[in-house]
Amino acid sequence: MLHSAVINVMVKAARRAARSLKRDLGEIENLQVSLKGPANFVTAADKRAEEMLYTDLTKARPGYGFIGEEGGTREGADKSHTWIVDPLDGTTNFLHGIPQFAISIGLQREGTMIAGVIYNPANDELYIAERGKGSFLNDKRLRVAGRKKLNEAVIACGLPHIGRGDLELAARELGAMQSRVAGLRRFGAASLDLAFVAAGRLDGYWERNLQPWDMAAGIIILREAGGIVSGVTGQDDAMTTGDILCGNEFIHAELLKVLKAA
Ligand code: 2AM
Ligand code: CA
């Protein structure tokens, strides 16, 4: 499968950072970090991966801006292009050796996502998309699932935890959703939740309080697979509010109704 030069740059950068994350995951699994504290170790792994991504992406496209989870915003001379990068999405999973985490690289031009790559080093699943050219998982074209009924749908969500988000609202939304769908899931890596909806594995997904780098690549991968993405009110923009709701056109509309009523 032939992809454009920019996608090749993104994939190469993701694979190099992934090798570093995999080595670090091995350390965690061997429990060699227990004395130093695994959380600090993961933060170091995260930072290392982000610096690799910054180096590779900036070398290939000098001047593009860069927004990363760890290093914040780094301006470039080219004000129209920005990389939006999460070097390790699903940090808690990574820390626990749960193989659901990813490197997420999005490219924005003039405020529009134009390319996205999400790579899970644990199972070698590589998702890519470019504006107008479709989405792919390991070179297989993706399309969202066609299910129209909520009672046949498997839906993923996010859960607020101590110190983050509105627990009462989440409880109401979960209760409402639970009674309507075939299955509710909580995987813990927003980028992969979006990629799973793009791949038709999940029928829909919503989560609140996310950051742009959790969503950037996933949004274009999902849109290019025919999915609908919005904020949780349906009008707002997820990248601005941090609240995201998605699915195929039918499930997206159904999820909106359930959340509005909750
Ligand atoms: P992270 O693993 O990179 O932190 C889990 O519900 C999802 O929410 C993950 O994609 C996680 O990304 C993201 N997230 C964003 N902000 C978070 C925070 N403050 N605490 C935990 N997860 C957060
Ligand atoms: Ca993240």
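Above: the structure in question.
Here is what the cut-offs are and how they apply
Residues numbered from 1 in each chain as written. Chains lettered and ligands numbered in written order. Predicted model: local features only at pLDDT ≥ 70, side-chain atom pairs only at ≥ 80, totals over all residues. Heavy atoms only, no water. Near = heavy atom within 4 Å. Polar contact = N/O pair within 3.5 Å; in protein donor to acceptor, adjacent residues only side chain to side chain. Areas by Shrake-Rupley, 256 points an atom, 1.4 Å probe, with all protein chains shown as cover. Nonpolar A, V, L, I, M, F, W, Y, C, P; charged D, E, K, R; others polar. Donors = N, O, S within 2.8 Å, 3.2 Å for Na, K, Ca; no water. Helix = DSSP H or I, 4+ residues; strand = E, 2+ residues; numbered from the N terminus. Buried < 20%, exposed > 50% of the residue type's maximum accessible area, 1.4 Å probe, protein only.

(A) A look at the site of ligand 1. In the vicinity of ligand 1 there are 15 residues, among which Asp89, Gly90, Thr91, Ala190 and Glu207 approach most closely. Contact distances for ligand 1 include 3.3 Å between an oxygen atom and a side-chain N or O atom of Asp86. Between ligand 1 and Thr91 there is a distance of 2.7 Å, counted from an oxygen atom to a backbone nitrogen or oxygen. Protein chains shield 79% of the accessible area of ligand 1, which is 470 Å² for the free molecule. Here the residues of the shell around ligand 1 are counted per class, giving four nonpolar, four polar and seven charged.

(B) Structural detail: the coordination of the calcium ion (ligand 2). Every protein donor of the calcium ion (ligand 2) is accounted for by Asp86 (OD), Asp89 (OD) and Asp214 (OD), and the metal-donor separations fall at 2.0 to 2.5 Å. For the calcium ion (ligand 2), all donor residues lie on one chain, and their spacing in sequence is D-x2-D-x124-D. With Asp89 in strand β3 (residues 78-89) and Asp214 in helix α6 (residues 212-224), this residue pair connects regions lying 125 residues apart in the sequence. Here Asp89 matches Asp214 in class, with each residue buried.

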